Amino acid sequence: NNPFEYWITHDDKAYNKLMSDVQEFVSNPGERDVIVEEVFSDQMWDSLSKKMKDVGWAGVDEVDKMWKDDFRSRKIVGGFLTDATLGKKRLASMPDRVTNTIRTENGNVMRPTVINCFSGDLGTQEKWFKEWMEFMFETRVKDQMVYETLLPIKRSKYPALSEDEERLSIPLQTLCGAIFDAILVHMMNSIAPTTWQPLRSELCAALNSQKDSRTLEILERTYGDADVLFVQEAASAFVKTASASLGSKYHILAPASMDPKRDQNSLVFLCKKRFPSTASEFTDEVLSSLSKAPVANGDLYAATVFDSSNRPFVVASFHGDTNGLATIPVTDALLEKIPENHKLLFGLDANTYENEREGYQGAAKYQAFIVDKGLGSQHGVDSSMDVKRYTTFNARTYLQPQLNKAVAFDERYTNINVDRNPKDFILYTPRDFELVDTGRDNTGERTYTEDMMFPTLKFPSDHGVTAATLRLLPRRRV
């Protein structure tokens, strides 16, 4: 959604200067670190708080006190953008995640902000605020108003929140989201008033508005010979687009429990020639055996299906949580539910890491785990693997809501927040398949450029393609 979120490989000097200037503004604001009220005025807050009351939100007067006693006098950078505690509470990033870009069957609906592909003019604070208020309180999407899509922020998940902040999380995150957007508009119009919006339009065309079509073009042109394709973090609108584009060749399989708000779903594409029959989903059976693993609706798809020779398969697609802590529990749960004599093909964004550390799932340990369970991966059937066969290489810029994850451009090879990891796996049952070949791709051309950060203008994903050629072994006689 955010064309500025990641450092991208780009030859345009205007892009590189803009991103350098943003980094400098945030890192060394100096006199530019003005108070919040100078970019989000008392009058703006009065209008916003009135709307909150008009729609029936409780606790607005308490949030008004927080505004007057705290937020209005904070510095825009040191007291807001880079406030680590505010980041841990998700008071600015949560409303952005929910409202940044809302996908509908009729197209995307976007919040007026710097960090998406909103097409209106954000050249002044006044223009921005008028558009922002209309979006939040007068725009209907998916049978509800935009403000109704906001989700409470739970202390159980974000313990930095106080009890009062949890109780007031809807109006409080709305205020913080507005302040955040106001700061970004002010910053961009200060450092690049005539160039940032045209540049954003160019990036949006390559990375956002044409992302689905470019993704499908790569799948069809470069990987159209594949019998099985696994896709993660796909929006429900992508399912419809993929069905129209590739539906004549592939069954497009999606979870019955897709989450329309979070809208990040794991899919399986099955070649109709190889798999002519209808798949039978059993995702809920797998999820029912999980207890505390961080798995959301849409993260997993699992089904049984027969191929053209009436051989039984289980196909599954999974998107792990950021730290990869659900990956082993989900793999275990899936293995427990596989019917006897079924061949397994399982593609997953395991979110595993090169370096094992507390709270993060190591890739080598996951490879050893799956081998111990009788599985193989694109890394083979040995318990060891080359942890430098990366499938991600990206780093967040200073132009996104989680600045604790931002990386200076000069630190893109060394900073711990750089995501350069072997995150993606294709699992199979070695009794049924032999690994013939494997590859990675961050260009869309079946090639992988090691030192190139991505997404790029030609490759719109922040994960490379992981490919494996498997030979189906002859049936064993009993």
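Reading the values: the criteria
Residues numbered from 1 in each chain as written. Predicted model: local features only at pLDDT ≥ 70, side-chain atom pairs only at ≥ 80, totals over all residues. Heavy atoms only, no water. Pairing = 2+ DSSP bridges. Helix = DSSP H or I, 4+ residues; strand = E, 2+ residues; numbered from the N terminus. Disulfide = S-S within 2.5 Å. Core = buried A, V, L, I, M, F, W, Y, C linked by side-chain atoms within 4.5 Å. Buried < 20%, exposed > 50% of the residue type's maximum accessible area, 1.4 Å probe, protein only. Contact = heavy atoms within 4.5 Å. 1 Å grid on protein atoms, 1.4 Å probe; cavity = no way out; pocket = protein on both sides within 12 Å on 5 of 7 lines; lining within 4 Å. Points joined across faces, edges and corners; volume = space filled by probe spheres on them. Nonpolar A, V, L, I, M, F, W, Y, C, P; charged D, E, K, R; others polar. Phe/Tyr/Trp six-rings, centres within 6.5 Å; stacked < 30°, edge-to-face > 60°. Lys NZ or Arg CZ within 6 Å of the ring centre and 35° of its normal. Polar contact = N/O pair within 3.5 Å; in protein donor to acceptor, adjacent residues only side chain to side chain. Salt bridge = Lys/Arg side-chain N within 4 Å of Asp/Glu carboxyl O.

Re the sheet that holds strand 11 (residues 343-349)
What the 6 strands build is an open sheet, ordered 8-9-10-11-13-12; its pairing is mixed. The outermost strands of the open sheet, each flanked by one partner alone, are strand 8 (280-281) and strand 12 (376-377). Bridge count between strand 11 and strand 13 (residues 424-428): 5 bridges; the pairing is antiparallel. Residue pairing across strands places L348 opposite F425, the latter belonging to strand 13.

Some words on the state of the cysteines
This model, assessed by the stated rule, comprises 1 disulfide. The disulfide partner of C117 is C204, and the S-S distance across this bridge is 2.1 Å. Across the disulfide from C117 to C204, rotation about the S-S bond amounts to roughly -100 degrees, and the bridge is consequently left-handed. Of this pair, C117 sits in the loop between strand 2 (107-110) and helix 7 (125-138) while C204 sits in helix 10 (residues 196-209), and the two are 87 residues apart along the sequence.

A few points about the nonpolar core
The tendency in soluble globular proteins is for nonpolar side chains to be buried as a group. The biggest cluster of nonpolar side chains holds 101 residues, and the ones touching the most others in it are L18, F40, M188, F269 and L399. Here this core gets 14 residues from one element, more than from any other, and that element is helix 9 (residues 169-191). Sequence-distant contacts of M188, defined by excluding residues within four places in its chain, comprise F4, L18, V22, V114, P193, W196 and L399. Listed in part, the 26 residues of the second largest apolar core include F282, L300, V314 and Y366.

Some words on empty space enclosed by the protein
According to the stated counting rule, one finds 2 cavities of 30 Å³ or more in the structure shown. In this structure, the largest cavity spans a volume of roughly 60 Å³. As for the largest cavity, its lining consists of P95, D96, T99, R111, W132, M136, L150, Q173, T174, G177 and D181. Of all the secondary-structure elements, those providing two or more residues to the lining of the largest cavity are helix 6 (93-99), helix 7 and helix 9. Considering every element that reaches the lining of the largest cavity, the biggest residue donor is helix 9, with 4 residues. Residue composition of the lining of the largest cavity, by class: 4 nonpolar, 4 polar and 3 charged. By volume, the second largest cavity is sized at about 30 Å³. Surrounding the second largest cavity, Q378, H379, R389, T438, G439, R440 and T466 form its lining. Examining the composition of the lining of the second largest cavity, we find that 3 residues originate from one element, strand 14 (residues 433-441), more than from any other. Split by residue class, the lining of the second largest cavity holds no nonpolar, 5 polar and 2 charged.

Focus: the packing of aromatic side chains
Applying the stated criterion across every chain, the model contains 19 aromatic pairs. Between W45 and W67 the ring centres are 6.2 Å apart and the planes differ by 35 degrees, which places this aromatic pair in the tilted class. Here W45, found in helix 2 (residues 42-54), pairs with W67, found in helix 3 (residues 60-69); they are 22 residues apart in sequence, far enough to count as distant. As far as the burial class goes, W45 and W67 line up, both buried. Ring centres of F393 and Y413 lie 5.6 Å apart, and the angle between their planes is 45 degrees; on these two criteria the pair is classed as tilted. Of this pair, F393 sits in the loop between strand 12 and strand 13 while Y413 sits in the loop between strand 12 and strand 13, placing them 20 residues apart in sequence. The residue whose ring lies beneath R420 is F393, and the NZ or CZ to ring-centre distance is 4.4 Å. Here R440 stacks its cationic end above the ring of Y448, 4.2 Å away from the centre of that ring.

Some details on the pairing of strand 1 (residues 101-104)
Summarising the sheet, strand 1 and strand 2 pair through 4 bridges and their orientation is antiparallel. Within strand 2, the residue paired with I102 across the bridge is V109. Between strand 1 and strand 2, which follow one another and run antiparallel, lie 2 residues.

What about the side chain of Q125?
Residue position: Q125 is located in helix 7. Look at Q125 and you get buried, because its relative accessible area is 14%. In this structure the side chain of Q125 is engaged in a polar contact, spanning 2.9 Å, whose partner is the backbone oxygen of V39. Here H186 takes part through its backbone nitrogen, which lies 3.1 Å from a polar atom of the side chain of Q125. Sequence-distant contacts of Q125, defined by excluding residues within four places in its chain, comprise V39, M44, A182, V185 and H186.

Observations concerning the pattern of salt bridges
This model, assessed by the stated rule, comprises 33 salt bridges. The partner of R396 in a salt bridge is E5, with the nearest N and O atoms 3.2 Å apart. Highlighted residues: R396 in the loop between strand 12 and strand 13 and E5 in the segment before helix 1 (13-27), separated in sequence by 391 residues. Notably, a salt bridge pairs K68 with D64, separated by 3.2 Å at the nearest N-O pair. You can see K68 and its partner D64 sitting in helix 3, 4 residues apart, about one turn around the helix. Taken together, the shared-partner salt bridges in this structure form one network comprising R214, E217, R221 and E445.

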